[in-house]
Every structure is written in structure tokens, then in C-alpha cells.
Protein chains: 2
Amino acid sequence: MPDLFRRSLLRGALAGAAWAAFPSFAREDLGPVYDQIARRHEEAVRRIQRWIRQPTIAAESVGSEEGVKLFLELLREAGFTQAQRIDTEGKPGVFAVHDAGAAKTLGLYFMYDVKQADPAEWSSPPWEARIVDKPGLGKAIVGRGAVNQKGPEGAFLAALHAIRGAGRKLPVNLVLVAEGEEEIGSPHFPQVVKQPEVMQALSKCGGIWMPFAAQGLDGEVTINLGAKGVIECELVASGEKWGRGPAKDIHSSLRAAVDSPAFHLVQALNTLVTPDGVDPAIDGWFERVRPLSPAEQGMVDAAAKKEREEVMKKQLGVRRWVREIPFREAETRMAGQPTVNIEGLVGGYTGPGGKTVLPHRAVAKLDFRLVPDMTVADCLAKLRAHLDKRGFADIEVKVGGAYPPNTTSPDSPLIQAEMATYKKYGLSPLLWPRLGAWPGYVFTEPPLRLAAGHFGLGHGSGAHAPDEYYLVESTNPKIQGLDGAVRSFVDYLYVLAG
Amino acid sequence: MPDLFRRSLLRGALAGAAWAAFPSFAREDLGPVYDQIARRHEEAVRRIQRWIRQPTIAAESVGSEEGVKLFLELLREAGFTQAQRIDTEGKPGVFAVHDAGAAKTLGLYFMYDVKQADPAEWSSPPWEARIVDKPGLGKAIVGRGAVNQKGPEGAFLAALHAIRGAGRKLPVNLVLVAEGEEEIGSPHFPQVVKQPEVMQALSKCGGIWMPFAAQGLDGEVTINLGAKGVIECELVASGEKWGRGPAKDIHSSLRAAVDSPAFHLVQALNTLVTPDGVDPAIDGWFERVRPLSPAEQGMVDAAAKKEREEVMKKQLGVRRWVREIPFREAETRMAGQPTVNIEGLVGGYTGPGGKTVLPHRAVAKLDFRLVPDMTVADCLAKLRAHLDKRGFADIEVKVGGAYPPNTTSPDSPLIQAEMATYKKYGLSPLLWPRLGAWPGYVFTEPPLRLAAGHFGLGHGSGAHAPDEYYLVESTNPKIQGLDGAVRSFVDYLYVLAG
């Protein structure tokens, strides 16, 4: 899940911007297409339900074969003229083309996997995709993947069905790439994109985007212009590698004469942050950090509103920002500051109570967020050198997943079209320079250098949590239901077509 | 489990001392008693098996009621004239008396609980107490509790049956106290001992001891003269208490502006040890530390043999001692140095791979070993003050179990009788000043001030591990089987009787 869910959620809880009457806009008359959307509402709902009922969970190796087959079938039904699986060293990816003979070609990024779900935590079974009444919102599909990402993706497929149902050709050609491992950090997605045929098709695109349910509870939307990079890794201290301490867990009374790999790890971790625990303190870590541009700072300033701060603090359970900084500075750091974080600590005895062992091994799970112009390779080299220099050469750095930051210009046609479409719905989207992370780098970095983003009206919530939902019939005048989301995709395609 | 198992195991792997022919000693003729031991061999084996087949696991709250009932029954069968349960806030304790009208009274400390067992790890089911051939040793009972402590305790009960079977009265009176929570750190045992009736009975004792299988694989034994104290506790860092960082796990991209309780914990832990990670660095920690006496140092020097070092290093998987110190110094530290150890680290995401969370809470499970004259209260006050002074006042110290060190004089009649009995079997016991920990303080501290120890020939291994065993028929001339163990208990009682 790209963490834009967080941001939309936060925005969503804000009261605010006025909601304009629904616009009837079109360069050509889209009335017949909109009619098709309304007529095909039940069909579109059932398509999303059918998709949710096929669990595909990369982390548990569940349903990937069935999932990729169903996904290919859904693409073909929606009119993709070519839709093929791309095998990788992990779960299969997908490459599909919809050649409408149009002048412009647009890229699409899809995922067909979902996060794990524990049915015991759900009030409606996660794989049944039931329609549930949400007070103040309307009717929603509840199920794992409902908003992340089968609902919005299904709404986009419904847009293609509606256009075809109205007897129209698509206004743009489509090139779609997809993966079944988004929820485990997209480890093999580059293998899909780097296929010569795929690369060639993508290189013709005027940008690439993912269908999304961008509306918060106030109906407002944020347009994100990129993301930080991330390195997830484990730091592993062990007696075996260290040559000190035990090679297996031993009785803790022996600590009097035997070194502790767990304390060795603690000492190494302690060197990674500033004395106040806030910033990375790894040698040379800030060398390549590019400060926010004035335009980016302007976006942050526009977003850093007092009421937003209060909602954020409440939702996050945070009483104060680091160093008691004001919200504007906190938001500036969100967009522009590299970080080092402990995701998890695991060592020795982890059950209830205590156990008198001297553990032979301890692990810290870390994530580092990178900003332009930091690179993964340079950061890993700096981390290694930093540890080596301080007597921690034995500590292993096991990299789990890593990708660089990505940036898309607000002036790109992709983002301009987003702005224009949202504005036609009476919305005034906030621009945000940089999310916490999403692997858009595969598109934005050389050789492709594509603009990349997320788009879509509509609303859902609960990604990675129980009772995930996607709104299909809205009773809230500020928020679009499924048909409004489908219509926003139709409009977006026509705006992009120019 | 008192950690003397470790020490006997280590000693056990050493080749060494000669084994004398079995002595036929007695102030009165013990021949008829020895005859009873041989005649009642099968009965004694079956008693231990029956006991093992009743699992009593305090950590899992399994079988405590059945366990205490069976234990009381075994005591009454063995001739204890009074045997009663003592309810505590935890599992029940036991108080029993065997009044033989003798001049001297002796204390006994028993446990009726055992450690957990995972049957999947055992080659013979842990609750079946099967008789298994052990190459080079003989026939052994395999089961959870076989050596820790039902085998040796059952052998002691067999000694009482043999004495009675020969028509004799016990040469000493017995006062027995027992608990069903030894394996979870004896949290409620002081409630048993502090009962006025129990305290009064114990105050008449000339010392207190626990039946034990002291022989290593070479047949040799060590006599332990006390133990370090221990404080087990959790250090808990949390956003809630700190007032910084999040109050629940949040997306790790927020780390840019939100403090990390996990790093806060790391920084606190880092202050607890010297820069080389070896010694406690808590303010004032060494103020009350009493160095080893010349006599204690002499014991350590006698034990610090080269071949012993090699066996220890191999068994522990340790290549070097802290600071590359020689073995004598390592052993000196084992006996005389306070320690701080990380038993376990638990925070945030602990599963496979990573998860991009900023955890709201992280926990370090620590144990501290105390030496004379450190006290639990003083150490906890010093730890608190140390943390408070360095900006970690928010970090909770949750004490799990704690007790002070204890020391018994080698000149006490209890230890002198151990020496004398072992020597009659041709053994030259090593003296060791101080184990890693056992809660003998309840007996050695005021007001009781009893000598306290462990005694018994015989052999077993695998305490807290799979395939725990207790030897019942020895084919190894250096090691006593069950009958030899029972005989050593008979002899010990008669030596103590004077």
C-alpha cells in the first residue's frame, strides 16, 4: 500500500472546502457514456465483489495463480487487446495493452494482490465482499482489497466497459503493468517493467497512474507528486559472526564472563541517531540531501493548517512533534527529511515474563526513508562504513527491500489533467511534494522518466486494517460513490486525450 | 532450576578423579537399610515414574492442584507425620514435618513443579517416564522433571522408606518446605516460609538442603556455597508514558516528525553498560560490592583448570571471554561480579521480513545479578535514579522477580557433612563460592540465617531441555544409579546426626 491512504485519511477528517454542483462537462457529449455507467452499476459492483472473493496474498503465497488468471480475464473483458502474464522470480506480473488507435498513450499501474486479513477481527467476513450500510456515507463493499486496490481498479475497468457500451472507442491507448507482490514491497516488479516489450510500450506513454479513491470524509483530495525512497533492512548481531559472546542461547549467569550480542546491537543502534534520538547520525548521511524547493515548500505551507494538525495528532496518538517544532516544520520534515526508524526489535526470549538467557543473537528491523538525491547504493555503503568504523563490522545488514525516491513535476500533463478533472468537480486539490514511500521510481527514473501518480474520485478506508471498505452508493453529497468514481475515470481519460 | 545443573554438567564432562571402591561405612550398622534399598529398587523407580506422569507446570497453570495432592500423598507415604498445603497468592506450597524424636532437626527444600516441555522435541514422551538405555551410562528414566527435581527428590523419599523398612527410626527430625512455582522464579515461596508455624519449625533446623544429582559424567561433584541474587525486570518505553512518539503503532513514514520510543529505549539501554558493553555502568552500582575473600578466591583458583576452560568454551559455544581475560579471571567474575544482561528484546514488528511501522512501545527484558552486599531495594533505587538523571524518567521498570544473594559457610555442619559423605565415596568435591542464582536467601537471610545447600550422589541431565533424564541403573563405575543415590541420602542423614 502506498502511504497515500494515510494522507487521504487525514485530509478526509477535515471539514472544509465547498462542494460544487456536479458538472456536466465534455468536449464531446459524454451523456451516453454516463448513461452506461448508471445502467451498468450492478454489473460493476458484482465485478468488484467477484474480484475480492478471490484472495491473493503474496505474503502467505495464497491464490496468486488464481488471482493472476482472474485479473487477466477481467482485463480482456474490459477490452484490453493484449493481456499476458509475465513470470518473475516471485509471483507473476501482468502486461496488457489496449490499442484504440488514439494519438496519445497512457500508462496504468495495477496490483492484484492484497494484504493479509484475520477474519476474527472483521465485523463482515473479509472474503465475502458484502454490501454494508455505513452511517453518514451510504452503502459500501466490505472486504480485503475493497479500497486497496480492487475497488478503484474495478471502477476504472467499469469506465472502460461504459465507454465501449456507449459505442465509443477509448480516447487514449492504454499500456498496463501490474504485479501481485505490491503488499510485500514489490521485490520483483522491476523484472516486469524491464522486459524489452514492456519497456518499449511504456516509453510511448505520456505518464503512468494508478486508480485510487482519493476523497477523504470531507470529499477533498490531495495530489501527491512523488515519494521518499525506502531501505528496509535487518541489523543482525550474533555471537557466531562477532566471535564474541555465545553461539547459542546460554544461561544468563554466564554474562559475568561472556559478551552480550544484544548489548552489542544496542550500542550499534545508539550510534545511528542524534543524541535526541531524532535524526540520522550516520556518517555523511546528509551529503546528497536536496532541500525542498521554494515551490515544494509552498505546497507544504499551504497544507500546514492548524485544524489539520489537530486531526493528525489525534488520529496518530501523538501529543508533540519532535523537538516541539511547529506543525509547518513537522510537515516540512515529512516531505523533505530522511529518517532512520526501528520497525521492530527481536532478540532472545520474547514471551511473557522473563527467562534467564544470554541470547546469542539479536535483530533490529530498520527502515530508512530517502529523499532526493540520495541513492540506495550510496546509503547502504555509508551505513556499512559507519558501522565498520565504530567496531560493528560483524553486524550484518540484511536488506529486505529498497528503492530510491521519485518525483513527478506538477507541470506534467498527467498532473495537470488530474488538477483539471478534480477542479471540474468543484474540488481544490492540495498538492503534496512527497509521500513516505511508493515504488514509482521504476517509472520516474531513467530510462523511462515518466510522470507518475494516482487519481480517482470516490472513497474508502481500512487499507491493511479490518473492515476495509469502498463506497458504492453515496448518501453524502461531498463524496462520490462508485458511479461517480467511474465517471471521474472517464472524464480523466478524455481530459488526458486533450 | 538453580543453575548448579550447569556447573555439574560442565564438571561432568571432565575426565578426572579416581573412583574409590564403594565404602561400607556406618556408625551403626546400615546393612539392613542398604538391603532395603536394593529390595525396594523397583518400588522407588515406579514412585518417580508416577510422579513424572503428573505434569505440574506453574508457567502454564497446569496440574498444580493434582500435583500438590500427589506430593502430599508421597510425603505421607514416606512417613512425614504432618504434611499440609500452604495456600499462597500463587500455587500452593507445602509444609511437612517428620518428628523422629531425634536430637537434631534438619531442613529440606523441595519443589513439585517442572519446566514446560514440547513433546515434539523429545525422543521419548516427556510425560511417560519411560526407562531408556543411555549408552555408557545405563538405564535412565526419561521425562520432564526426571533430574529437576523429581528423580533426586524421589530418591530421598526412597531413603526414608528404606530406613523405615529396616525397622529403624530416622536419625534426625525433618522439616520440609516446598513450592510449586520454582520454575517461574519462586514468587510466592516467601509466603510459605513466613508462616509463623513454618518459621518456628525452620528455626530449629541445623541447616536446609535440597536433594540433588550432583555427579557429572566423570562422577565428580561440586559443593556450592551460595548464589548471586537476581533482579529480573522489563524496561518499557512507550509513547503513552513518554508523552512523545505515538500512542499506537503508526506508519513509519511519520518518523520524520514523530519520536521513536524504540530508539528512546536503545538510548537508555546504552547507558547501562560500559563502552565495551561488559560491565554495569549504573551510577553507584559497585558501591556495595564485596570482593571475593581470599578463601573464595582460593576456591576459584582451584577450579580454574585449563581442561575445564576448554570444555566450558566448547559447551557454551564461546570463543573468548570478555576483554580476552584468562580463565582464572573469567571464573573470578563468575563468582564475584555483578552483571547486567539483556534476556530479550521485543518491540514493534517481530515477524518475518519487515513492516513499515513506527512502534509506540518497546521492551527490554533484563536480568541483573547481585553479589554480596548488594540488595534488591538499593539496586532498584539506583537503576531508577540513573535513568531519571539521564532523561529516561518515563521508562518503566517492571520487576518480575528479585532476590538477594546468599552465602553459606564451608565450615557449617551442613557443608562439612556433605564433604564428609562425599569423601567416604572416594570423591574430592570442589568448593565453589557462588552460583549464578538460587533463592536460598529465604533461608540464609535473617531471621533464619540457616546454612543452605544441595546434596546427593547420582546423575542426570537435560533440565529445561528435551530428553531430560535421571540415571536409575548405572553401568558406569564412576557414577551412582538410583540405589547409590538413595544410599548417599541415608549416609548423609546419619553423618548429619553425628
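Up top is the structure these notes are about.
Everything quoted here is computed from the prediction, not taken from an experiment.

Engineer: Pulling in residues and values, what's your account of the overall build of chain A?
Structural biologist: Each helix and strand counted, chain A has 16 helices and 20 strands in total. Here the C-alpha radius of gyration of chain A, 24 Å, is about what a compact globule of 498 residues would show, namely 23 Å. Each principal axis of the C-alpha distribution contributes one length, and for chain A these read about 80 × 45 × 45 Å. Across the 498 residues of chain A, 64% fall into the buried class. The contacts in chain A between residues at least 6 apart in sequence include a share of 79% that link residues at least 24 apart. On chain A, roughly 17100 Å² of surface is accessible, and the fraction owed to carbon and sulfur atoms is 51%.

Engineer: Would you mind going over the state of the cysteines in detail, with residue names and values included?
Structural biologist: Applying the stated criterion across every chain yields a total of 0 disulfides over all chains. The thiol of cysteine 233 of chain B is unpaired, and the distance to the nearest cysteine sulfur, on cysteine 379 of chain B, comes to 11 Å.

Engineer: Which residues make up the environment of arginine 384 of chain A, and what are the values?
Structural biologist: Residue and element names in this part refer to chain A. With respect to the secondary-structure elements, arginine 384 resides in helix H13 (residues 376-389). On a C-alpha basis, the gap between arginine 384 and proline 291 in space is 25 Å, while along the polypeptide they are 93 residues apart. For arginine 384, the contacting residues outside a window of four places in its chain are Phe392, Ala393, Ile395, Glu396 and Val397.

Engineer: For the interface of chain A and chain B, give the residues involved together with the corresponding values.
Structural biologist: At the junction of the two partners, chain A supplies 76 residues and chain B supplies 76 residues. The contact between chain A and chain B buries some 6200 Å² in all, and 54% of this surface belongs to carbon and sulfur atoms. Ranking the residues of chain A by area buried against chain B places Ala256, Phe263 and Leu345 of chain A at the top, with a combined share of 11%. Across the chain A-chain B interface, the total number found is 2 salt bridges. Among the ionic pairs, glutamate 324 of chain A bridges to arginine 244 of chain B, the shortest N-O distance being 2.6 Å. Scanning the region where chain A abuts chain B turns up 42 residue pairs in polar contact (both at pLDDT 80 or more). Here the element with the most residues in the side of chain A that touches chain B is strand S12 (residues 339-348) of chain A; it accounts for 10 residues. Residue composition of the side of chain A that touches chain B, grouped by class: 31 nonpolar, 24 polar and 21 charged.

Engineer: Any details on unusual backbone geometry? Residues and values, ideally.
Structural biologist: Residue and element names in this part refer to chain A. At the junction of asparagine 148 and glutamine 149, the peptide bond is cis and its omega measures out at 20° in the coordinates. By the element assignment, glutamine 149 lies in helix H5 (residues 146-165). Backbone geometry places alanine 129, a non-glycine residue, at a positive phi of 55°. With respect to the element layout, alanine 129 can be found in the loop between strand S3 (105-111) and strand S4 (130-134). According to the relative accessible area criterion, alanine 129 is buried, its value standing at 0%.

Engineer: Break down the relation of the copies chain A and chain B for me, with residues and values.
Structural biologist: The transformation that overlays chain A on chain B combines an axial shift of 0.1 Å with a rotation of 180°, and the residual RMSD is 0.1 Å. Considering both components of the superposition, the chain copies are consistent with a two-fold axis.

Engineer: Summarise the packing of helix H10 (residues 294-303) of chain B against helix H12 (residues 327-336) of chain B; cite the residues concerned and give the values.
Structural biologist: In helix packing, the relevant descriptors are the interaxial angle and the interaxial distance, both defined with respect to the helix axes. Residue and element names in this part refer to chain B. H12 packs onto H10 with a crossing angle of 130° between their chain directions and a minimal axis gap of 9 Å. Relative to H12, the element H10 lies oblique. Taken as a pair, H10 and H12 cross one another with a handedness that is right-handed. When H10 is examined against H12, the residues Gln297, Val300, Asp301 and Ala303 are found in contact with a partner set consisting of Phe327, Arg328, Glu331, Thr332 and Ala335. Considered class by class, the residues forming the contact of H10 with H12 number 4 nonpolar, 2 polar and 3 charged.

Engineer: Let's hear about the packing of helix H2 (residues 31-39) of chain B against helix H16 (residues 482-497) of chain B: which residues, and what values?
Structural biologist: Residues and elements named next belong to chain B. Remark: H2 packs on H16, axes separated minimally by 10 Å, with the N-to-C direction vectors making an angle of 150°. Classified by the angle their axes make, H2 and H16 are roughly antiparallel. Here H2 and H16 pass one another in a crossing that is right-handed. Contact with H2, carried on its side by Val33, Tyr34, Ile37 and Ala38, involves Asp483, Val486, Arg487, Val490 and Asp491 of H16 and no other residues of that element. Each residue belonging to the contact of H2 with H16 can be placed in one class, and the counts come to 6 nonpolar, no polar and 3 charged.

Engineer: Mind laying out the packing of aromatic side chains, listing which residues take part and the relevant values?
Structural biologist: Counted by the stated rule, this structure contains 38 aromatic pairs over all chains. Judged by centre distance (6.1 Å) and plane angle (70°), the ring pair of phenylalanine 455 of chain B and phenylalanine 489 of chain B falls under edge-to-face. Of this pair, phenylalanine 455 of chain B sits in strand S18 (residues 452-455) while phenylalanine 489 of chain B sits in helix H16; the two residues are 34 residues apart in sequence, bridging distant segments of the chain. Exposure remark for phenylalanine 455 of chain B: the relative accessible area of 0% places this residue in the buried category. By relative accessible area, phenylalanine 489 of chain B is classed as buried at 0%. Here arginine 308 of chain A stacks its cationic end above the ring of tryptophan 432 of chain A, 6.0 Å away from the centre of that ring. The residue whose ring lies beneath arginine 487 of chain B is tyrosine 34 of chain B, and the NZ or CZ to ring-centre distance is 5.1 Å.

Engineer: Please give an account of the sheet that holds strand S6 (residues 173-179) of chain B that cites residues and values.
Structural biologist: Residues and elements named next belong to chain B. Spatially, 6 strands are ordered S1-S2-S6-S3-S7-S18 in an open sheet, and the strand pairing comes out mixed. A strand with exactly one partner marks an edge of an open sheet, and here the two such strands are strand S1 (82-86) and S18. Each adjacent strand pair in this sheet contributes to an overall mean axis angle of 25°, direction not counted. Of the pairings in the sheet, the one linking strand S2 (residues 93-98) to S6 comprises 5 bridges and is antiparallel in character. Its bridge partner lying in S6, phenylalanine 95 is registered against valine 177. Each of S1, S2, S6 and strand S7 (208-211) touches helix H7 (residues 196-203); the most contacted strand, S6, lies at about 135° to it. Lying over the sheet, H16 contacts strand S3 (105-111), S6, S7 and S18, oriented at roughly 170° with respect to S7.

Engineer: Describe the nonpolar core, and please don't skip the residues or the numbers.
Structural biologist: Membership of the largest hydrophobic core comes to 74 residues, with the highest contact counts inside it found for Leu174, Leu176, Trp209 and Tyr470 of chain A. Those residues within four positions of leucine 174 of chain A in sequence are excluded, and the remaining contacts are Phe80, Ala96, Val97, His98, Leu106, Leu108, Phe156, Leu160 and Leu493 of chain A. With 73 residues, the next largest nonpolar core counts Tyr112, Ala158, Trp209 and Tyr492 of chain B among its residues.

Engineer: How would you sum up the sheet that holds strand S18 (residues 452-455) of chain A? Please name residues and give values.
Structural biologist: The pairing of strands in a sheet happens through backbone hydrogen bonds and is either parallel or antiparallel. All names here are of chain A. Spatially, the 6 strands line up as an open sheet ordered S1-S2-S6-S3-S7-S18, and their pairing is mixed. Every other strand in the sheet has two partners, leaving strand S1 (82-86) and S18 as the edge strands with one partner each. The sheet shows a mean angle of 25° between the axes of neighbouring strands, direction not considered. Sitting on the sheet, helix H14 (residues 413-424) is in contact with S3, strand S7 (208-211) and S18, with an inclination near 15° to S18.

Engineer: Which residues make up the pattern of salt bridges, and what values do they have?
Structural biologist: Applying the stated criterion to the full structure yields 58 salt bridges over all chains. Taking the shortest distance from any N to any O, the salt bridge between arginine 323 of chain A and aspartate 276 of chain A comes out at 2.6 Å. Here the residue arginine 323 of chain A occupies a position in the loop between helix H11 (306-316) and helix H12 (327-336), and aspartate 276 of chain A occupies one in the loop between helix H9 (261-270) and helix H10 (294-303), the gap between them amounting to 47 residues. When its relative accessible area of 38% is taken as the criterion, arginine 323 of chain A is described as partly exposed. Judged by relative accessible area, which is 35%, aspartate 276 of chain A ranks as partly exposed. Across the salt bridge formed by arginine 320 of chain B and glutamate 324 of chain B, the nearest N and O atoms sit 3.6 Å from each other. The class of arginine 320 of chain B is partly exposed, set by a relative accessible area of 30%. One salt-bridge network, in which partners are shared between bridges, spans Arg244 and Asp259 of chain A together with Arg320 and Glu324 of chain B.

What counts as what
Throughout this document, residue positions are counted from 1 along each chain, in the order its sequence is written. Each chain gets a letter, beginning with A, and each ligand a number, beginning with 1, in the order they are written. The model is predicted, so local features are restricted to residues of pLDDT at least 70 and side-chain atom pairs to those at 80 or more, both for listing and for counting; the totals for chains, interfaces and linings are taken over all residues. With hydrogens and water excluded, all non-hydrogen atoms of the structure serve as input to the side-chain values. Numbering of helices and strands runs from the N terminus; a helix is a DSSP stretch of H or I covering at least four residues, while a strand is a stretch of E covering at least two. The globule rule used for comparison is 2.2 Å times the number of residues to the exponent 0.38, while the radius of gyration itself is calculated over C-alpha atoms. Any residue under 20% of the maximum accessible area for its type is buried, any over 50% is exposed, and the rest in between are partly exposed; the area is computed with a 1.4 Å probe on protein chains only. Any two residues having at least one pair of non-hydrogen atoms within 4.5 Å are treated as being in contact. For every accessible area listed, the method is Shrake-Rupley and the probe measures 1.4 Å; residues are considered covered only by the protein chains on display. In what follows, a disulfide is any cysteine sulfur pair within 2.5 Å. Accessible-area loss on putting two parts together, using a 1.4 Å probe and summing over both, is the definition of buried area adopted here. Each reported salt bridge corresponds to a side-chain nitrogen of Lys or Arg within 4 Å of a carboxyl oxygen of Asp or Glu. Throughout this description, a polar contact denotes any pair of N or O atoms lying within 3.5 Å of each other; where both atoms belong to protein, one of them has to be capable of donating a hydrogen while the other can accept it, and for residues adjacent in sequence the pair is counted only when both atoms sit in side chains. Residues were grouped as follows: Ala, Val, Leu, Ile, Met, Phe, Trp, Tyr, Cys and Pro as nonpolar; Asp, Glu, Lys and Arg as charged; and all remaining residues, including Gly, as polar. Here the copies were fitted onto each other by least squares, based on C-alpha atoms from residues at pLDDT of at least 70 in both. As a rule, the C-alpha atoms of each element are fitted with a line to give its axis, helices using only the stretch in contact, and angles between N-to-C directions run from 0 to 180 degrees. An angle below 35 degrees is read as roughly parallel, one above 145 as roughly antiparallel, one from 65 to 115 as roughly perpendicular, and any other as oblique. In this scheme the crossing of two helices becomes right-handed for a clockwise turn of the near helix relative to the far one and left-handed for an anticlockwise turn of less than a right angle. Two rings from Phe, Tyr or Trp (for Trp, the six-membered ring) form a pair when their centres sit within 6.5 Å of each other. Planes less than 30 degrees apart are called stacked, planes more than 60 degrees apart edge-to-face, and all others tilted. Two conditions define a charge located above a ring, namely a distance within 6 Å from the ring centre to NZ of Lys or CZ of Arg, and an angle within 35 degrees of the ring normal. One requirement defines pairing of two strands: DSSP has to find at least two bridges between them. Buried Ala, Val, Leu, Ile, Met, Phe, Trp, Tyr and Cys residues form a nonpolar core when they are joined through side-chain atoms within 4.5 Å.

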